[in-house]
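# Report on the structure
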Amino acid sequence: MSMLSIGGSALLLVPRNGLFVERDILRPIRRAPATLVGMCGIVGYVGNSSRRADAGHSALDVVLEGLRRLEYRGYDSAGVAVVADGTIAARKKSGKLTNLLAELESDPLPTSLTGIGHTRWATHGGPTDQNAHPHLADGGRLAMIHNGIIENFAELKQELLEKGVTFTSETDTEVAAALLGDIFRNQLNGESSNLTKAMQLACQRLEGAFTLLAVHADQPDVVVAARRNSPLVVGLGEGENFLGSDVSGFIDHTRRAVELGQDQIVTITADSVEITDFFGAPAQGKEYHVDWDPASAEKGGFSSFMEKEIHDQPDAVAQTLLGRSDLNGQLTLSELRIDPELLKKVDKIIVLACGTAAYAGLVAKYAIENWCRIPTEVELAHEFRYRDPIVDAKTLVVSISQSGETMDTLMAVRYAREQGAKTISICNTNGSTIPRESDAVLYTHAGPEIAVASTKAFLAQITAAYLLGLYLAQLRGNIFSGQIKDVLADLGKVPAKIQEILDGAGPLRELARSMKDEKSVLFLGRHVGFPVALEGALKLKEIAYIHAEGFAAGELKHGPIALIDEGQPVFVVVPSPRGRDSLHAKVVSNIQEIRARGARTLVIAEEGDETVRAYAEHVFYVPQTPTLLMPLLTTVPLQIFAAELAKAKGYDVDQPRNLAKSVTVE
Ligand code: F6R
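Residues numbered from 1 in each chain as written. Predicted model: local features only at pLDDT ≥ 70, side-chain atom pairs only at ≥ 80, totals over all residues. Heavy atoms only, no water.

We now examine the side chain of glutamate 174. Positionally, glutamate 174 belongs in helix 5 (residues 172-186). Of the side chains with opposite charge, lysine 157 comes closest to the buried, unpaired glutamate 174, at an N-O distance of 6.0 Å. Here threonine 168 takes part through its backbone nitrogen, which lies 2.9 Å from a polar atom of the side chain of glutamate 174. For glutamate 174, the residues in contact, after removing those within four places along its chain, are His135, Thr166, Phe167, Thr168 and Ser169. (Helix = DSSP H or I, 4+ residues; strand = E, 2+ residues; numbered from the N terminus. Buried < 20%, exposed > 50% of the residue type's maximum accessible area, 1.4 Å probe, protein only. Lys, Arg positive; Asp, Glu negative; His and termini not counted. Salt bridge = Lys/Arg side-chain N within 4 Å of Asp/Glu carboxyl O. Polar contact = N/O pair within 3.5 Å; in protein donor to acceptor, adjacent residues only side chain to side chain. Contact = heavy atoms within 4.5 Å.)

Right under this line is the structure:
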């Protein structure tokens, strides 16, 4: 064990076999419980007085700023607690963060250097003021916030009730707080005022999945946190340190972050960061640099984060391509640290993901099978491990996740590794759990995605999947290097083509506004246009709350055509008319079939395709690009349509009802 100093912060590190191990792949896989886990946002801060005098950092300012950035994780209530003048002062309010800000305005908190804050997505007890976090214990001297579910809360609550503890909320968090308070006050045997020790003992009793942060009035300069199967990152500052559910919780103050492992406890003061396991043994963290700046997490003049992120897409694709090929057009995915010989032997690929990321996987299937000739299945992660899938050492599992924290995907990846598969994560969030638990990672460089509805991460995921497919094809000699060079050159032109679509979206926006009272919209596509249709429908459902369905156009006559009635709007993603085996003619026939039955046809087609005009009420053209790359363009008008329509309905585009950004729910 050694004590390293990282820029003013003391960090306890335990080298493993003399090495500072980067991934947790040596650690035995711990099965997470099949449980619901909250998806809240969590922030913690400790600063010193000179730091505050220099930079005006009060704990409350830092915590509220962090909560503002993390609100996308959950937004049904929010709360803060600070330690000041030997006591805990807390405020909490149901509803969005603005409600808490109003409460703080009318009932301010004292100035402090130590604080915690929480934004909630309710899992246990409704979204009321009472159930909001923080929860207090030990006679109001301890405050706790929590993301997750304590599975054995009922048994612990009974035990505490018998000791005379009273409860004011319906939450499991209050039980965890009471347990910690009881241990701190009554069970430390001579180690009084040691919140870290109390947290270790409490975590030994807790079952489930959780991130916990606690402050105590007896130890005013400390925030103690614990993590099991729920995200937590440390931010390293100068004379101040931070905790967050992810780096957006402290990105305004530092880009130096430390990943924590599972079942670890971290104690931060203004000048130190100490990590242990649940039994007090020193443990290690891994420092990394956060490569996006705070400005990229701001709206930048757009009406919503989603609009901004739609406009970030040329950059998201360009950044994801950057530095991944050499001057000869050869792919150089040096970060894929899996033995190339193993990759050559792969006889099956399984792509695991959920929601939008799964649609990126469907696009990947067309490309990977075409280029690599490896059978590729795409499976919703939550279905995968419950059907006894056939997975062995020759299976390559590719998970796709923007957040890197999606519990369904994480569980599926763990299961696949247990079965001996090699796992590659395509992920947008540095240091998140899924890449850490995978054999290798290919990061998408889309920058922070704040809006709940995924846009730029989707295009970046597709781009990364293309790179992976091309790399495997290159490695296995499936296609000529000249062909790889050509595809890379075509990919390189995509960002400018996306920009063209964005610049010419006026008529599409007008159409969207005119359709704000529609009750149902259908989406049709074929080949790579099919996942685009699914994604178009999902975007509309989740932010405009309009019934929407995506279908494979060929499936129409097998049932869905019965839905077509007079005036039914149908988006049709039409394939390119170029090429020998074009599906263009077949999709044009599909358009005719639905028009004949009264549908309003809204067509996305390739520039130069004049034949579709005759059958479309509206045509939106996208620039030409090879068929397999087409989703990078045809998706964009559908995103714009959904965002504009939701805005016209007056909805909160970034924070749709019932949803949260990081779905750590199984
Ligand atoms: C939809 C959307 C979700 C996510 C899904 C997976 O707009 O964002 O469907 O794609 O919840 O999330 P990640 O990619 O974080 O694993």
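Moving on: the site of the ligand. Neighbouring residues of the ligand: 16 residues in total, closest Ser401, Gln402, Ser403, Thr406 and Glu542. Between alanine 357 and the ligand, the recorded distance is 3.5 Å, taken from a backbone N or O atom to an oxygen atom. Take lysine 539: an N or O atom from its side chain is 2.9 Å from an oxygen atom of the ligand. Considering the ligand on its own, with 400 Å² of exposed area, one finds that the protein chains cover 88% of that surface. Going through the elements one at a time, helix 10 (355-372) and helix 17 (529-544) are the ones with two or more residues in the shell around the ligand. By residue class, the composition of the shell around the ligand is six nonpolar, eight polar and two charged. Counting only domains with at least three residues in the shell around the ligand, you end up with domain 2 (311-499) and domain 3 (504-648). (Near = heavy atom within 4 Å. Areas by Shrake-Rupley, 256 points an atom, 1.4 Å probe, with all protein chains shown as cover. Nonpolar A, V, L, I, M, F, W, Y, C, P; charged D, E, K, R; others polar. Domains from an automatic or database assignment.)

The sheet built from five strands is open, its strands ordered 18-17-19-20-21 with parallel pairing. With partners counted over all chains shown, the strands left at the sheet margins are strand 18 (376-380) and strand 21 (440-443), one partner each. For this sheet the average axis-to-axis angle between neighbouring strands, irrespective of direction, equals 20°. Where strand 19 (residues 395-401) meets strand 20 (residues 422-427), six bridges bridge the pair, whose relative direction is parallel. Within strand 20, the position partnered with leucine 396 by the bridge is lysine 422. Helix 10 contacts strand 17 (348-353), strand 18 and strand 19 of the sheet and is inclined by roughly 175° relative to strand 18. (Pairing = 2+ DSSP bridges. Axes fitted to C-alpha atoms, helices over the stretch in contact; angles between N-to-C directions.)

Here we take up the layout of surface pockets. Its boundaries defined by the atoms lining it, the largest pocket holds a volume of some 920 Å³. Along its surface, the largest pocket is lined by 49 residues, and Asp291, Trp292, Asn428, Thr429 and Asn430 are the ones closest to its centre. Secondary-structure elements contributing two or more residues to the lining of the largest pocket are strand 16 (286-289), helix 8 (313-321), helix 13 (433-436) and strand 21. Residue-level mapping places the lining of the largest pocket at the junction of two domains, with at least three residues from each of domain 1 (2-33 + 40-297) and domain 2 (311-499). (1 Å grid on protein atoms, 1.4 Å probe; cavity = no way out; pocket = protein on both sides within 12 Å on 5 of 7 lines; lining within 4 Å. Points joined across faces, edges and corners; volume = space filled by probe spheres on them.)

We now examine the sheet that holds strand 25 (residues 600-606). The strand order across the open sheet formed by five strands is 23-22-24-25-26, and the pairing between neighbours is parallel. Two strands lie at the open edges of the sheet, namely strand 23 (547-552) and strand 26 (618-622), each paired on one side alone. Along the sheet, successive strands turn relative to each other by an average axial angle of 20°, direction set aside. Bridge count for strand 22 (residues 520-525) against strand 24 (residues 569-573) is three bridges, and the pairing is parallel. Note that in strand 24 the partner of phenylalanine 523 across the bridge is phenylalanine 571.

Ranked by internal contacts, the top residues of the largest apolar core, which has 122 residues, are Trp371 and Leu540. The element best represented in this core is helix 14 (residues 456-476), accounting for 12 residues. Among residues more than four places away in sequence, those in contact with tryptophan 371 are Tyr466, Gly469, Leu470, Ala473, Asn478, Ile479, Val487, Leu628 and Leu629. Leu160, Ala176, Leu180 and Cys203 belong to the second largest nonpolar core, which has 30 residues in total. (Core = buried A, V, L, I, M, F, W, Y, C linked by side-chain atoms within 4.5 Å.)

With that settled, consider the environment of valine 397. Here valine 397 is to be found in strand 19. For the pair valine 397 and serine 589, spaced 192 residues apart in sequence, the C-alpha separation works out to 38 Å.

Turning our attention to helix 17. Under the 1.5 Å per step criterion, the end-to-end length of helix 17 is 22 Å for 16 residues, consistent within 8% with the ideal 22 Å. Positive phi appears at tyrosine 545, one or two residues downstream of helix 17, with a value of about 55°. (Expected span 1.5 Å × (residues − 1).)

Axis angle and axis distance: for two packed helices, these are the angle between their axes and the distance between the axes, and together they describe the pair. The contact between helix 8 and helix 14 brings their axes to 9 Å, and the two run at 25°. The angle between the axes of helix 8 and helix 14 places the two elements in the roughly parallel class. As helix 8 runs across helix 14, the sense of the crossing is right-handed. Taken together, the residues of helix 14 that come into contact with helix 8 (itself represented by Gln313, Ala316, Val317, Thr320 and Leu321) are Lys456, Leu459, Ala460, Thr463, Ala464 and Leu467. Its residues placed into classes, the contact of helix 8 with helix 14 shows seven nonpolar, three polar and one charged. (Parallel < 35°, antiparallel > 145°, perpendicular 65-115°, else oblique. Left-handed = near helix turned anticlockwise from the far one by under 90°.)

All right, on to the confidence of the model for the protein chain then. A residue-level look at the protein chain finds 92% of positions with pLDDT of 70 or above and a mean pLDDT of 89. Note on residues 1-38: pLDDT is under 50 here. Beyond four places in sequence and across chains, it has 118 contacts. (pLDDT = per-residue confidence, 0-100.)

Let us look at the packing of aromatic side chains. Counting across every chain of the model gives eight aromatic pairs. Pairing tyrosine 45 with phenylalanine 242 gives two aromatic rings, centres 5.2 Å apart and planes at 50°, and the pair type is tilted. Of the two residues, tyrosine 45 is situated in strand 3 (residues 41-47) and phenylalanine 242 in strand 12 (residues 240-244); the sequence distance between them amounts to 197 residues. Through successive ring pairs, a cluster of aromatic residues spans Tyr45, Phe242 and Phe250. (Phe/Tyr/Trp six-rings, centres within 6.5 Å; stacked < 30°, edge-to-face > 60°.)

Turning next to the packing of helix 2 (residues 59-70) against helix 3 (residues 97-106). Packing of helix 2 against helix 3 brings their axes to within 11 Å, and their N-to-C directions diverge by 160°. Considering their axes alone, helix 2 and helix 3 lie roughly antiparallel with respect to each other. Regarding helix 2 and helix 3, the two cross each other, and that crossing is left-handed. Counted together, Leu60, Leu64, Leu67 and Arg68 of helix 2 and Leu97, Leu100, Leu101 and Leu104 of helix 3 form the full contact between these two elements. Considering only residue class, the contact of helix 2 with helix 3 consists of seven nonpolar, no polar and one charged.

It is worth spelling out unusual backbone geometry at this point. Here the residue pair histidine 133 and proline 134 is connected by a cis peptide bond, since its omega of 5° sits within 30 degrees of zero. Of note, proline 134 is situated in the loop between strand 6 (114-120) and strand 7 (135-137). Its identity is not glycine, yet aspartate 138 carries a phi of approximately 50°, on the positive side. Here aspartate 138 is to be found in the loop between strand 7 and strand 8 (142-150). A relative accessible area of 18% places aspartate 138 in the buried class. The phi dihedral of aspartate 388 falls on the positive side, at around 55°, and the residue is not glycine. Its location among the elements puts aspartate 388 in the loop between helix 11 (381-384) and strand 19. Residue class for aspartate 388 comes out exposed when judged on its relative accessible area of 62%.

What follows concerns the environment of proline 108. In this structure, proline 108 sits in the loop between helix 3 and strand 6. Once the C-alpha coordinates of proline 108 and tyrosine 415 are considered, the two residues, 307 residues apart in sequence, prove to be 49 Å apart.

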